Amino acid sequence: MPHFLIAQSELPEEREARRKRAGQSSGETYAATLAQMQPGIDTTIASPADADTPVFSAERLASFEAVFLTGSPMHVYDDGPEVDRQLDFMRAVFAAGVPSFGSCAGLQIAVAAAGGRVRKMPERMEAGIARRISATEAGRDHPLLAGRPPSWDAPAIHGDEVLELPPGATLLASNAVTRVQAAEIRYDRGIFWGVQYHPELALREIAIALAAQADDLVEAGLADRKRDVTTRAADIDALHDTPDSRALHWKLGIDGEFAEERLRRREISNFLTNLSALRNG
């Protein structure tokens, strides 16, 4: 039975706030998604940024089939013990040689741990739907993006982005808002696949996150009024219940790559399919 380690970088108060909004911490969301995709798996959730979390040894990390890094409000360019602990954890994952996958902040953590740079997005955010993501030349034949069309939309909500990939990394996908939408990082003994968007999230969770950040989205100029944000969130929430709705597809300007759960999860599915090859790197 596969055993996966899920590393959530939310701090305790952030986890509780997310549970109150969405019913689960980011790590619990990942565990639920993986259990749906591979029934019978075993998962362990860790919080490496917490001061009281035991340090994982290389031997312990290597006992897992894979490590998953979740999204979170963490800014990896901030100085502080929480960020230091999270980056030390990721460097240990690379050193252990266990394959890893991350989304949103998970990608940014892997980038920073391997020597790249992350920044606050200048005068913009990407929220709700990341539009027209396209594979680079290297990404077109990369197994992480197998099955993706030439251009696709994905759930996303972030105000930070990768500024510079680390040495040994390959840019796999970009869009007009954020240059690094998908990447592979090879560092030390490990291989990481990651995306800036959220293949693990249900559409209802994206809707809840949008509504919770309505003030920030208005301030960023993505909406004129909070009511505009709550209307968009309501449409995405409705799509969660009726993913085949032609009216919602037209209203939101999306297709099945965004609406259908199986298609949204392509990158995670591709990672799981390729685990054996990644372990043998």
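Residues numbered from 1 in each chain as written. Predicted model: local features only at pLDDT ≥ 70, side-chain atom pairs only at ≥ 80, totals over all residues. Heavy atoms only, no water.

Asks: Please provide a residue-by-residue account of the side chain of T136, values included.
Replies: Assignment of secondary structure puts T136 in the loop between β6 (126-135) and α6 (137-140). One polar contact links the side chain of T136 to the main-chain carbonyl oxygen of L171, over a distance of 2.7 Å. With sequence-adjacent residues up to four places away left out, T136 is seen in contact with L171, L172, A173 and S174. (Helix = DSSP H or I, 4+ residues; strand = E, 2+ residues; numbered from the N terminus. Polar contact = N/O pair within 3.5 Å; in protein donor to acceptor, adjacent residues only side chain to side chain. Contact = heavy atoms within 4.5 Å.)

Asks: Mind laying out the packing of helix α2 (residues 26-37) against helix α13 (residues 266-273), listing which residues take part and the relevant values?
Replies: It is at 11 Å that the axes of α2 and α13 come closest, and there the two elements cross at 65°. The chirality of how α2 crosses α13 is right-handed. Here Y30, T33, L34 and M37 of α2 come into contact with α13, specifically with I268, S269 and L272. A per-class count over the contact of α2 with α13 returns 5 nonpolar, 2 polar and no charged. (Axes fitted to C-alpha atoms, helices over the stretch in contact; angles between N-to-C directions. Left-handed = near helix turned anticlockwise from the far one by under 90°. Nonpolar A, V, L, I, M, F, W, Y, C, P; charged D, E, K, R; others polar.)

Asks: Break down the nonpolar core for me, citing the residues and quoting the values.
Replies: Formed by 35 residues in total, the largest nonpolar core has its most connected members in L5, F89, M90, F94 and F192. When residues in this core are grouped by element, the largest group, 7 residues, is from helix α4 (residues 81-96). Apart from the residues within four sequence positions on either side, F89 is in contact with L5, A7, P48, F56, L61 and V67. Membership of the second largest hydrophobic core comes to 29 residues, among which are Y30, I133, I191 and F271. (Core = buried A, V, L, I, M, F, W, Y, C linked by side-chain atoms within 4.5 Å. Buried < 20%, exposed > 50% of the residue type's maximum accessible area, 1.4 Å probe, protein only.)

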